[in-house]
Amino acid sequence: MPSRDSKSGPTAVGTAVLPEDRGARPPVLGFRDVSKLYLPGGSSVTALRRVSLDVRAGEFVALVGRSGSGKSTFLNLAGAVDTPSSGQVLLEGRSTEGLNDEELTFLRRERVGFVFQFFHLFPTLSALENVEIPLQLAGRRRTRRRAAEMLALVGIPDLADRLPHQLSGGQLQRVAIARALGSEPALVLADEPMGNLDTHTAEEVMALFRLINLQLGTTIVMATHSLESAAATDRILTLRDGELVSDVRAGAAGRAT
Ligand SMILES: Nc1ncnc2c1ncn2[C@@H]1O[C@H](COP(=O)(O)OP(=O)(O)O)[C@@H](O)[C@H]1O
Ligand SMILES: [Mg+2]
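Residues numbered from 1 in each chain as written. Chains lettered and ligands numbered in written order. Predicted model: local features only at pLDDT ≥ 70, side-chain atom pairs only at ≥ 80, totals over all residues.

### Notes on the pairing of strand β3 (residues 60-64)
Most of β3 is tucked away: 5 of the 5 residues are buried. As paired elements, β3 and strand β8 (residues 219-223) share 4 bridges and run parallel to each other. The partner of Val61 across the bridge, within β8, is Val221. Where β3 and strand β9 (residues 235-240) come together, 4 bridges link them in parallel fashion. Within β9, the residue paired with Leu63 across the bridge is Leu237. (Buried ≥ 20, exposed ≤ 12 C-beta atoms within 10 Å, placed from the backbone. Helix = DSSP H or I, 4+ residues; strand = E, 2+ residues; numbered from the N terminus. Pairing = 2+ DSSP bridges.)

### Things to note about the sheet that holds strand β5 (residues 94-95)
Taken in spatial order, the 4 strands make up an open sheet running β2-β1-β4-β5, and their pairing is antiparallel. Every other strand in the sheet has two partners, leaving β2 (45-56) and β5 as the edge strands with one partner each. Pairing of strand β4 (residues 86-91) with β5, which is carried by 2 bridges, proceeds in the antiparallel orientation. By the bridge assignment, Leu90 is partnered in β5 with Ser95. Its contacts with the sheet place helix α3 (residues 71-78) against β1 (27-38), β2 and β4, and it is angled at close to 125 degrees to β1. (Contact = placed C-beta atoms within 7 Å. Axes fitted to C-alpha atoms, helices over the stretch in contact; angles between N-to-C directions.)

### Topic: the site of ligand 1
The full set of residues close to ligand 1 is Tyr38, Pro40, Val45, Ala47, Gly65, Ser67, Gly68, Ser69, Gly70, Lys71, Ser72 and Thr73. Of all elements in the fold, only β2 and α3 reach the threshold of two or more residues within the shell around ligand 1. Split into classes, the residues belonging to the shell around ligand 1 amount to 4 nonpolar, 7 polar and 1 charged. (Near = placed C-beta within 6 Å. Nonpolar A, V, L, I, M, F, W, Y, C, P; charged D, E, K, R; others polar.)

See below:
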């Protein structure tokens, strides 16, 4: 694992995400005038309205906005699990438009990692197997070893054999994060990953995302209702009724802890 100031204090942590530095890195995710319309029962809902932005390698971005503002829609489009009604989504510089099934499967399985509010683990598989399965599906070698390394990375090396029902919420989310990171994705998309955790556990899981972002340089876009969590990222995007109404630098570089 490449270490980047992993043991350093807040000052060094802050330096790793200064805007000058950030601007030089290639965009991992691009939205170009992206709109998404749903047509439930004939009436149309505009879930996203002409959103344009770039997320650069190494950025930790929070996506905030009330329920129904378009956060999950944004993440689904970013992860190429859904397609825009108009506009373009670029992943690692490439438009997802016109990709064939094989290319889309590769993107979803290997270039993007998803973390959900309700974990989405297989209930009959152990923690280790849950992390290993996508690696096997991707045709990787030494999947068991890689899965064990990922569980160690998220701080639960000793829970490999547990089934999901034998794990706490925080532990379940750690397994899900380990699974999302297994293929070394260019982008991790997290949809309210602390939404089902108590305050203390939520803080721990948020700290883990931050650590992963800083240590591995993983690009993260996280939908969250917690302003505290959002403030601990690099950048806050606010959606309102599907529109991107603000895009600001967050307090991570200057925060106290
Ligand atoms: N599959 C769908 N069919 C119809 N409407 C949808 C669908 N998914 C989301 N919407 C609508 O799109 C809007 C944005 O939803 P969503 O992206 O889930 O917001 P958020 O994650 O911020 O709560 C809402 O009005 C929601 O009802
Ligand atoms: Mg949502």
